[in-house]
Amino acid sequence: MMDFGKLVKLSPERYSACFRAYQTVIEKKTKEDYHLFYRSNVPDSILCESGAERRVLGIGSGSGEIDSIILNRLLQRHDSVYNRVVEPSEELIERYKIRAREDTSLGAVTFDWRQQTAEEYFLDKDRTTFNLAHAVHVLYHVKDMHATLRNMWEQLADGGRMLVQIKSDAGVGGGLFHKMWEEFGEGDRLQSVFRMSCDVKQWLDGMGIISYVTSEDETNIDVTECFKENSKKGTLLLEFFTLTPYIANEPELRSMVLEYIRNNSSVVGEKVFFKSISEVIVAHKRQ
Ligand SMILES: C[S@@+](CC[C@H](N)C(=O)[O-])C[C@H]1O[C@@H](n2cnc3c(N)ncnc32)[C@H](O)[C@@H]1O
């Protein structure tokens, strides 16, 4: 299947529409829920030497929703933060810039905007080191996941942390990735977008980086629209789950995914809910 998993590559605008549709059907978490989650995942040890400036590298920061929570956490202990933002999408980085201007809680952050892919960014062998480098739901999209992890790790200062959030292989969402790949994938899965937390942990283990902790984040998704025959939103959601554009042209993939979702969802009244789990992995570069 030619376009399997190629939504972002072939049609970034359509991916944006799919992502927006997805955001309307996920269980709303309050800002406080997000704060609590990232507060516990940005370890206190990053916050040591209170007062000193911290340097943060964000890979694929999007419009900065998660970044700003992480930055707020750092600003609890530090007077200032230098934040380098690597984000290829013009639309998203512009939205992030507006957020940075309007959110007064980010006043002590110095932003360094890089409208680039991770691949372009790492070509420039910059010697700046960072106390925290993060990639939140980005590693599906980079060209080479291992190279990106290695580059992020190399730019960490001694004692720094790398935080990666990615779909968990353990949840039903990860199960869907595995099943789709089994039936429709060709070649090495790591060359595709269907990457999961097990792949990141395997890389860390292979590198002898044993000092990492993990935690899980659950998202409840209302997938009712997917089962409505002519629903535009349902189509966008299925394309988001399969990362494949124009799924109507791929009836076998569409029916496999619908069957999987039906068998792994819960029905509440008239609604159908599917649960996706992502894993946050925080690795420590020991001094
Ligand atoms: C699902 S969004 C996550 C955004 C943000 N980290 C968040 O969690 O809100 C994926 C992001 O990865 C970015 N992206 C796609 N390909 C990339 C690449 N090769 N290098 C860096 N970022 C990339 C996209 O533009 C998008 O902002």
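The residue numbering used here restarts from 1 in each chain and proceeds along that chain's sequence as written. Where local features are concerned, this predicted model is filtered to residues with pLDDT of at least 70; where side-chain atom pairs are given and counted, the filter is 80 or more; whole-chain, interface and lining totals use all residues.

- Under an unreviewed UniProt entry, the name given to the chain is HNMT protein, and the organism recorded is Branchiostoma lanceolatum.

1. Brief notes about the overall build of the chain
Thinking step 1. Summing up its helical and strand segments, the chain has eleven helices and eight strands in all.
Thinking step 2. Taken along the three principal axes of its C-alpha coordinates, the chain extends 55 × 40 × 30 Å.
Thinking step 3. Each residue is classified by how many other C-beta atoms fall within 10 Å of its C-beta atom, where C-beta atoms are placed from the backbone; a count of 20 or more means buried, 12 or fewer means exposed, and values in between mean partly exposed. For the chain, with 287 residues in total, the buried portion stands at 37%.
Thinking step 4. Remark: residues whose backbone-derived C-beta atoms lie within 7 Å of one another are considered to be in contact. Restricting to contacts in the chain with at least 6 residues of sequence separation, those with at least 24 account for 78%. Only DSSP runs of H or I with at least four residues qualify as helices, and only runs of E with at least two residues qualify as strands; both kinds are numbered from the N terminus onward.

2. Concerning the nonpolar core
Thinking step 1. For this entry, the nonpolar core is defined as buried Ala, Val, Leu, Ile, Met, Phe, Trp, Tyr and Cys residues connected by C-beta atoms within 7 Å. If you look at the biggest cluster of nonpolar residues, it comprises 60 residues, and the most contacted ones within it are L139 and L237.
Thinking step 2. Excluding residues that lie within four positions of it along the chain, L237 makes contacts with A21, Y22, V25, V223, E225 and C226.

3. A short note on the site of the ligand
Thinking step 1. In this entry, near means the residue's backbone-placed C-beta atom lies within 6 Å of the molecule or strand. If you check the shell around the ligand, you find 19 residues, and the closest are G60, G62, T117, A118 and H141.
Thinking step 2. Broken down by secondary-structure element, the contributors of at least two residues to the shell around the ligand are α4 (65-75) and α6 (118-123).
Thinking step 3. Broken down by class, the residue content of the shell around the ligand amounts to nine nonpolar, seven polar and three charged. Amino acid classes used here: Ala, Val, Leu, Ile, Met, Phe, Trp, Tyr, Cys and Pro are nonpolar; Asp, Glu, Lys and Arg are charged; the rest, including Gly, are polar.

4. Notes on the packing of helix α10 (residues 232-242) against helix α11 (residues 251-263)
Thinking step 1. Here the axes come from fitting lines to C-alpha atoms, over the contacting stretch only for helices, and the angles between their N-to-C directions go from 0 to 180 degrees. Their axes nearest at 11 Å, the elements α10 and α11 cross at an angle of 90 degrees. Judged on the interaxial angle alone, α11 and α10 are roughly perpendicular. In this structure, α10 uses L238, F241 and T242 to contact α11, whose residues at the interface are L253, R254 and V257.
Thinking step 2. Residue composition of the contact of α10 with α11, grouped by class: four nonpolar, one polar and one charged. The labels follow the angle: roughly parallel below 35 degrees, roughly antiparallel above 145, roughly perpendicular from 65 to 115, and oblique for the rest.

5. Points about the environment of S215
Thinking step 1. Among the structural elements, S215 can be located in strand β6 (residues 212-222).
Thinking step 2. Spatially, the C-alpha atom of S215 lies 22 Å from that of F273, the residues being 58 residues apart in sequence.

6. Observations concerning unusual backbone geometry
Thinking step 1. A positive phi is found at H137, a non-glycine position, where the angle reads about 55 degrees.
Thinking step 2. On the basis of neighbour counts, which here come to 15 C-beta atoms within 10 Å, the residue H137 falls in the partly exposed class.
Thinking step 3. Its identity is not glycine, yet Y246 carries a phi of approximately 50 degrees, on the positive side.
Thinking step 4. Mapped onto the elements, Y246 comes out in the loop between α10 and α11.

7. Structural notes on the packing of helix α2 (residues 12-25) against α10
Thinking step 1. Direction vectors running N to C along α2 and α10 enclose 105 degrees, while the axes themselves pass 8 Å from each other. As judged from the angle between their axes, α2 and α10 are roughly perpendicular. Facing A17, C18, F19, A21, Y22 and V25 of α2, the residues of α10 in contact are K233, L236, L237, E239 and F240.
Thinking step 2. Of the residues that constitute the contact of α2 with α10, the class distribution is nine nonpolar, no polar and two charged.

8. Examining the environment of K28
Thinking step 1. Within the secondary structure, K28 sits in the loop between α2 and α3 (31-41).
Thinking step 2. K28 sits in the exposed class, given 8 other C-beta atoms within 10 Å.
Thinking step 3. Measuring from C-alpha to C-alpha, the distance between K28 and S231 comes to 22 Å, with 203 residues separating the pair along the chain.

9. A word on the pairing of strand β7 (residues 265-268)
Thinking step 1. Two strands qualify as a pair provided that DSSP identifies no fewer than 2 bridges between them. Pairing of β7 with strand β8 (residues 271-284) involves four bridges; the strand directions are antiparallel. Bridge pairing links S266 to F273 in β8.
Thinking step 2. Linkage of β7 to β8, two consecutive antiparallel strands, is achieved through a turn of two residues, within which G269 is found at a positive phi near 60 degrees.

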